[in-house]
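Architecture and fold: a report
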Amino acid sequence: MTGRTVIVTGAGRGIGAAIAFRLGGEGAWVACLDVDGQSAEATAAALPRGGRSFAVDVGDEAAVRSALAAVVAERGAVHAVVNNAGIAGPQEPAGSTDLAAWEQTLRVNLTGAFLVSKHALEPLRRTDGAIVNVASALAFVGLRAESAYGPSKAGLVQLTKGMALDYAPDVRVNAVCPGAVRTPMIASVVAPGDSEALMAEYGRIHPLHRRLAAPEEIADAVLFLASDDASFVTGTALLVDAGLTA
């Protein structure tokens, strides 16, 4: 990734920060987008090859357009985009899910990826670039009381496949679909009292290793799909779930 310009959304913490550091460690200059501008700034400041932070709500098209234009103006090119920004959404069955919570989950998890991709496509076409969407194993299997998150990630997988066909051969578009990952987001859902025992117990849903994934393990898969090592890969949804969906 040496000398390449990469955009990572949700880069302030968790999987997004791990992706930014992994790509930066391989030589990329990383634009770190996050609705929390301070966390994005902290990530960007720690990158080994430099970067810049942007406080951006990915569901706001004007803000997305402005940030991407600033990256292109500064760097002259974009080589990869990682759509990682996401929220857990309501932990409720459909019958008791609030409409506003449903709409906000899709706005961030699906519409956000659509908007960032939409405004990055022309710069990416000029570099034969790549888009990597961070979806979820829950795009493929159901889970009780997950009426919004799973559908948003299933939609993201279908967006991935459609864009892969529409923009071949210029842009490769793939998705990474993690199992449960040790992040602040999953901790807020599984162990709101910061219980390590609850987190460890939840990790046992994975047949391989019987633990939660580390964010860095997801970042490794993103690096592969964003790099030339995946030059013949597009339209795929790579499960990184330790056998959960198997």
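Right above here is the structure, for reference.
Not measured: the values here are computed from a predicted model. (Residues numbered from 1 in each chain as written. Predicted model: local features only at pLDDT ≥ 70, side-chain atom pairs only at ≥ 80, totals over all residues. Heavy atoms only, no water.)

Considerations on the overall build of the chain
Threshold: Helix and strand assignments follow DSSP, with helices taken as H or I runs no shorter than four residues and strands as E runs no shorter than two, numbered in order from the N terminus. With C-alpha atoms as the basis for the radius of gyration, the globule rule is written as 2.2 Å multiplied by the number of residues raised to the power 0.38. Burial here depends on accessible area, computed with a 1.4 Å probe over protein chains only, as a share of the maximum for the residue type. Under 20% is buried, over 50% is exposed, and the range in between is partly exposed. Two residues qualify as a contact provided that any one of their heavy atoms is within 4.5 Å of a heavy atom in the partner residue. Residue exposure ignores everything except the shown protein chains as possible cover, and the areas themselves are Shrake-Rupley values with a 1.4 Å probe. Lys and Arg are tallied as positive, Asp and Glu as negative. Neither His nor the chain termini are counted. Charge positions are represented by NZ for Lys, CZ for Arg, CG for Asp and CD for Glu.
Of the regular secondary structure elements, the chain holds 8 helices and 7 strands. For 246 residues, the compact-globule estimate of 2.2 N^0.38 gives 18 Å, and the chain sits close to it at 17 Å. Seen along its three principal axes, the alpha-carbon backbone of the chain occupies a region of about 45 × 35 × 35 Å. Counting only residues that meet the buried cut, the chain has 48% of its 246 residues in that class. By sequence separation, contacts in the chain at least 24 residues apart represent 67% of the contacts at least 6 residues apart. Carbon and sulfur atoms make up 53% of the accessible area of the chain, which amounts to about 10900 Å² in all. The positive charge centre, built from 19 side chains, and the negative charge centre, built from 25, are 3 Å apart in the chain.

A word on the pattern of salt bridges
As a reminder of what qualifies: Take a side-chain nitrogen of Lys or Arg and a carboxyl oxygen of Asp or Glu: if they are within 4 Å of each other, that pair is a salt bridge.
Counted under the stated rule, the structure contains 12 salt bridges. With a closest N to O distance of 2.9 Å, Arg52 and Glu74 form a salt bridge. One end of the pair, Arg52, is in strand E3 (residues 51-55); the other, Glu74, is in helix H3 (residues 61-75), and 22 residues separate them in sequence. A salt bridge links Glu61 to Arg65, with the nearest nitrogen and oxygen atoms 3.9 Å apart. Taken together, the residues span about one helical turn, with Glu61 and Arg65 both in helix H3 at a distance of 4 residues.

Regarding the nonpolar core
Basically, it comes down to this: Within this scheme, the nonpolar core is defined by two criteria: the residues are buried Ala, Val, Leu, Ile, Met, Phe, Trp, Tyr or Cys, and they are joined through side-chain atoms within 4.5 Å.
Counting residues in each nonpolar core, the largest one holds 31 residues, and the members touching the most others are Ile7, Leu33, Val81 and Ile131. Breaking this core down by element, the ones donating at least two residues are strand E2 (29-34), H3, helix H4 (99-127), helix H5 (149-167) and strand E6 (172-178). Once you skip the residues sitting within four places of it in the chain, Leu33 turns out to touch Ile7, Val8, Thr9, Gly10, Ala11, Phe54, Val56, Ala67 and Leu68. Judged by nonpolar contacts, the second largest core, of 30 residues, contains Ala11, Ala18, Ala40 and Leu47.

Focus on the side chain of Lys153
As a reminder of what qualifies: Any N or O atom pair separated by 3.5 Å or less is treated as a polar contact, with the protein-specific requirement of one donor-capable and one acceptor-capable atom, and with residues adjacent in sequence counted only for side-chain atom pairs.
Examined against the element boundaries, Lys153 turns out to sit in helix H5. Nearest to the buried, unbridged Lys153 among oppositely charged side chains is Glu146, at 11 Å. Here the side chain of Lys153 touches Val134 through a polar contact of 3.0 Å, landing on its backbone oxygen. Excluding residues within four positions of it along the chain, Lys153 makes contact with Asn109, Val134, Ala135, Ser136 and Ala139.

Quick look at the packing of H3 against H4
Relative orientation and spacing of two packed helices are given, respectively, by the angle between their axes and the distance between those axes. For clarity, the threshold we go by: An axis is simply a line fitted to the C-alpha atoms; with a helix, the fit covers only the stretch in contact. Between two such axes, the angle follows the N-to-C directions and lies from 0 to 180 degrees. To sort the angles, those under 35 degrees are grouped as roughly parallel, those over 145 as roughly antiparallel, those from 65 to 115 as roughly perpendicular, and the leftovers as oblique. Crossings are sorted by hand: turned counterclockwise from the far helix by less than a right angle, the near helix makes the crossing left-handed, and turned clockwise it makes it right-handed. Residues are grouped as follows: nonpolar covers Ala, Val, Leu, Ile, Met, Phe, Trp, Tyr, Cys and Pro; charged covers Asp, Glu, Lys and Arg; every other residue, Gly included, is treated as polar.
In the contact formed by H3 and H4, the axes pass within 8 Å of each other and the chain directions differ by 25°. Considering the angle they form, H3 stands roughly parallel to H4. In this structure, H3 crosses over H4, and the sense of that crossing is right-handed. Taken together, the residues of H4 that come into contact with H3 (itself represented by Glu61, Val64, Arg65, Leu68 and Val72) are Leu115, Val116, Lys118, His119, Ala120, Pro123 and Arg126. Of the residues belonging to the contact of H3 with H4, the class tally is 7 nonpolar, 1 polar and 4 charged.

A few points about the sheet that holds strand E1 (residues 5-9)
Convention followed: We treat two strands as partners when DSSP finds at least two bridges between them.
Reading across the sheet, the 7 strands line up as E3-E2-E1-E4-E5-E6-E7 and stay open at both edges, with parallel pairing between neighbours. A single partner strand is all that each edge strand has here, and the edge strands are E3 and strand E7 (237-240). Across the sheet, the mean angle separating the axes of adjacent strands is 15° when strand polarity is ignored. In terms of strand pairing, strand E4 (residues 80-83) meets strand E5 (residues 130-134) through 4 bridges, oriented parallel. Each bridged residue has a counterpart across the sheet, and for Val82 the counterpart in E5 is Val132. Lying over the sheet, H3 contacts E1, E2 and E3, oriented at roughly 165° with respect to E2.

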